[in-house]
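# Tertiary structure, described
If you want the building blocks of each chain, they are given just below.
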Amino acid sequence: MNLPSLLWPDPDAIPAPPQPGILGILASGNGSNFEAIAQAIEAGELPAHIAVVITNNPEAYVRQRAQRRGIPCVLLNHREYPSREALDAAIVQVLQQHQVEWVIMAGWMRLVTQVLLSAYPERVLNLHPSLLPSFKGLRAVEQALACGVKITGCTVHRVTLEMDSGPIVAQAAVPVLPEDTVESLYRRIQAQEHRLYPLAIRLCLAEGSRLPKFSEKRHN
Ligand code: GAR
């Protein structure tokens, strides 16, 4: 079946960023979105460099993906930190050591604190498998199926303290089929995530010129 899909803003209308961005990826699991971002960079579609991957999960498959690509991957196990703030302080330290300018949460399953947001104001992005503000939190695909919506999708947004909230950067719509299971629907949502996230990052890099120059801020 030829399913329609809609991704917005229009990919063809996203301007070229003035300069490449330095990305730090936060991932807790599989890392297919890390891979999609790395592939977009390789293909010349996203002018960026992934300086470091940080994971909180010793079992995360993203560690192997990063190793295969020769990208440093740092394990910061949340169980070893007394608070969310302490974990975020360690994350900020690693990000700054690698000169990271943009924090890309790709399947990062921890709530963030003001410690991270203050270090990277307006520069922390998250991906969620629903059309926010619908179906926040865990099991977003199950929630959408249970609700009987006919269209769901995925969202990239700037991160705020509240989970799966914050200004929306880009969204892709995915039709729900009558025969869909969580697995089949999630497979189609992930295919759109892999298109959407590189485009949304490109859009943020292009718009980033209006933010305070990061390198200046960092060295103040
Ligand atoms: C993605 O589907 C992303 O939308 C979701 O985690 C998955 C990570 O997949 N994030 C959230 O649910 C955040 N609330 P990946 O590890 O294969 O990139």
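One can find the structure itself at the top, above this paragraph.
Now for a description of the structure that goes with this document. (Residues numbered from 1 in each chain as written. Predicted model: local features only at pLDDT ≥ 70, side-chain atom pairs only at ≥ 80, totals over all residues. Heavy atoms only, no water.)

In space, the 8 strands of this open sheet follow the order S1-S8-S7-S6-S5-S2-S3-S4, with mixed pairing throughout. Strand pairing shows two members of the sheet lacking a second neighbour, strand S1 (6-8) and strand S4 (73-75), which therefore form its edges. Recorded for the sheet is a direction-independent mean angle of 15 degrees between the axes of neighbouring strands. Taken together, the 3 bridges between strand S5 (residues 102-105) and strand S6 (residues 124-128) define a ladder with parallel strand orientation. The partner of Val103 across the bridge, within S6, is Val124. Along the sheet, helix H3 (residues 84-97) makes contact with strand S2 (21-26), strand S3 (48-55), S4 and S5, crossing S3 at roughly 150 degrees. (Pairing = 2+ DSSP bridges. Helix = DSSP H or I, 4+ residues; strand = E, 2+ residues; numbered from the N terminus. Axes fitted to C-alpha atoms, helices over the stretch in contact; angles between N-to-C directions. Contact = heavy atoms within 4.5 Å.)

Here H3 spans 20 Å end to end across 14 residues, near enough to the 20 Å set by a 1.5 Å rise per residue. Within H3, burial applies to Leu87, Asp88, Ala90, Ile91, Val92, Val94 and Leu95. For H3, the secondary structure elements touched by its buried residues are S2, S3, S4, S5 and helix H4 (114-119). Downstream of H3 by a residue or two, Gln99 has a phi angle that is positive, lying close to 60 degrees. (Expected span 1.5 Å × (residues − 1). Buried < 20%, exposed > 50% of the residue type's maximum accessible area, 1.4 Å probe, protein only.)

Now for the site of the ligand. The immediate surroundings of the ligand are formed by 13 residues, with Gly31, Ser32, Asn33, Tyr186 and Glu193 found nearest. His128 is positioned with one of its side-chain polar atoms (N or O) 3.0 Å from a nitrogen atom of the ligand. Interatomic distance of 2.5 Å between a side-chain N/O atom of Tyr186 and an oxygen atom of the ligand. Contact with the protein chains removes 90% of the 450 Å² of surface that the ligand exposes when unbound. Those elements giving two or more residues to the shell around the ligand turn out to be helix H1 (32-42), S6 and helix H6 (182-207). Take the shell around the ligand: its biggest share by element is 3 residues, from H6. Classifying every residue of the shell around the ligand by side-chain character gives 4 nonpolar, 7 polar and 2 charged. (Near = heavy atom within 4 Å. Polar contact = N/O pair within 3.5 Å; in protein donor to acceptor, adjacent residues only side chain to side chain. Areas by Shrake-Rupley, 256 points an atom, 1.4 Å probe, with all protein chains shown as cover. Nonpolar A, V, L, I, M, F, W, Y, C, P; charged D, E, K, R; others polar.)

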